[in-house]
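# Survey of secondary and tertiary structure
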Amino acid sequence: MTPPERAGRKSTTREPIIQESVTSKTATGTAAETAAEPEATRRAAGVAESSRANRGWWDRNADEYQIEHGTFLGDDRFVWGPEGLDEVEAELLGPAQELAGKAVLEIGSGAAQCSRWLAAQGARPVALDLSHRQLQHALRIGGTFPLVCADATALPFADASFDLACSAYGALPFVADPVLVLREVRRVLRPGGRFVFSVTHPIRWAFPDEPGPEGLSVSASYFDRTPYVEQDEAGRAVYVEHHRTIGDRVRDVVAGGFHLVDLVEPEWPAWNSSEWGGWSPLRGNLIPGTAIFVCVRD
């Protein structure tokens, strides 16, 4: 799952991909149309509130997300982030020819594009996502691998069930305590198993989430870990994203029982002229937008 965007959305020309029943509309329009625009703020948000808010956000926004970004993501590509770094080239999980037969857990899978690519290499993926609606898109595209709707802080698998685990912008940016996720991933990995995950590069939190020149001036403290929250009129969170510094992420990896073997900061490639929320060629050529952590289970 690549990230949502808090500003600067860019539409594509793809047609709607899952049609809603007409009974889902009221005389005054859909619930989304009648709901008030959420308020953006920075405030504390715990594990339970973050999980509830983000499950609801992804269920409500899965259709729009897949319409806007489905072309870029493809149906069976493994892309680590908006820069377009592809696992075919990066081989962060290992050489493609060595994936055959490996049991792989994808966390925050969205429409399971990465799992579909893994299956094509002969791997045995399981695609897990918090959002039921995102997994409906995985069903729409198709595949023979399992789809599991569950929270990454409580994985419904036995110990040592997987050889590898991966997460492309899934789960980690949206949980209040990422160590809970890392410990769960460690539990379900076999000894020596590799977990690779990508998140928004922490330095981006110091800049406005804008693709143009206004997104190049520091506007906040990099060290402010206060979560970004969108809340409704009653003050209930409807979307939450958590900031961790690079040092925090490294400490989380160690606390989760992993050994960090690489930290990849993809450069913006010349071929990529697209904008994705705050990601753009202008910013990508100057400051990193994605951080990829390559970890091995101790």
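Shown above is the structure to which this text applies.
Just so we're clear, the structure is a prediction, and the values are computed from it rather than from any experiment.

## Here's the deal with the packing of aromatic side chains
Any aromatic ring pair is given by two values, namely how distant the centres are and how the planes are angled relative to each other. According to the stated counting rule, one finds 16 aromatic pairs in the structure shown. Each ring, one from Phe-78 and one from Trp-117, has its centre 5.9 Å from the other, and the planes form 85°; the classification is edge-to-face. Of this pair, Phe-78 sits in the loop between α2 (47–73) and α3 (87–90) while Trp-117 sits in helix α4 (residues 113–120), and the two are 39 residues apart along the sequence. By relative accessible area, which is 0% here, Phe-78 ends up buried. Its relative accessible area of 8% is what places Trp-117 among the buried residues. Residues Phe-195 and Phe-258 carry aromatic rings whose centres are separated by 6.0 Å and whose planes lie at 45° to one another, so their mutual orientation is tilted. Of this pair, Phe-195 sits in strand β6 (residues 189–200) while Phe-258 sits in strand β9 (residues 258–264), and the two are 63 residues apart along the sequence. One aromatic cluster is present, formed by Trp-57, Trp-58, Tyr-65, Phe-72, Phe-174, Tyr-228, Tyr-239 and Trp-276 through successive ring pairs. Sitting above the plane of the Phe-72 ring, Arg-77 keeps its charged end 5.8 Å from the centroid.

## Points about the nonpolar core
Formed by 28 residues in total, the largest nonpolar core has its most connected members in Leu-105, Phe-157, Val-185, Phe-195 and Phe-197. Within the residue set of this core, elements represented by two or more residues are β2 (103–107), β3 (124–129), β5 (162–168), α6 (178–188), β6 and β10 (290–297). When sequence neighbours within four positions are dropped, the list of residues in contact with Phe-197 reads Trp-80, Ser-167, Leu-172, Leu-182, Val-253, Ala-291, Ile-292, Phe-293 and Cys-295. Trp-117, Ala-123, Leu-164 and Cys-166 belong to the second largest nonpolar core, which has 17 residues in total.

## Looking at α2
Between its first and last C-alpha atoms α2 spans 29 Å; for 27 residues at 1.5 Å apiece the expected length is 39 Å, and the helix comes up short by more than 12%. Of all the bends in α2, the greatest measures close to 55° and is centred on Asn-61. Following α2 by one or two positions, Gly-74 has its phi on the positive side, about 70°.

Reading guide: rules and limits
- Residues numbered from 1 in each chain as written.
- Predicted model: local features only at pLDDT ≥ 70, side-chain atom pairs only at ≥ 80, totals over all residues.
- Heavy atoms only, no water.
- Phe/Tyr/Trp six-rings, centres within 6.5 Å; stacked < 30°, edge-to-face > 60°.
- Helix = DSSP H or I, 4+ residues; strand = E, 2+ residues; numbered from the N terminus.
- Buried < 20%, exposed > 50% of the residue type's maximum accessible area, 1.4 Å probe, protein only.
- Lys NZ or Arg CZ within 6 Å of the ring centre and 35° of its normal.
- Core = buried A, V, L, I, M, F, W, Y, C linked by side-chain atoms within 4.5 Å.
- Contact = heavy atoms within 4.5 Å.
- Expected span 1.5 Å × (residues − 1).
- Bend = angle between axes of the 7 residues up to and from the residue.

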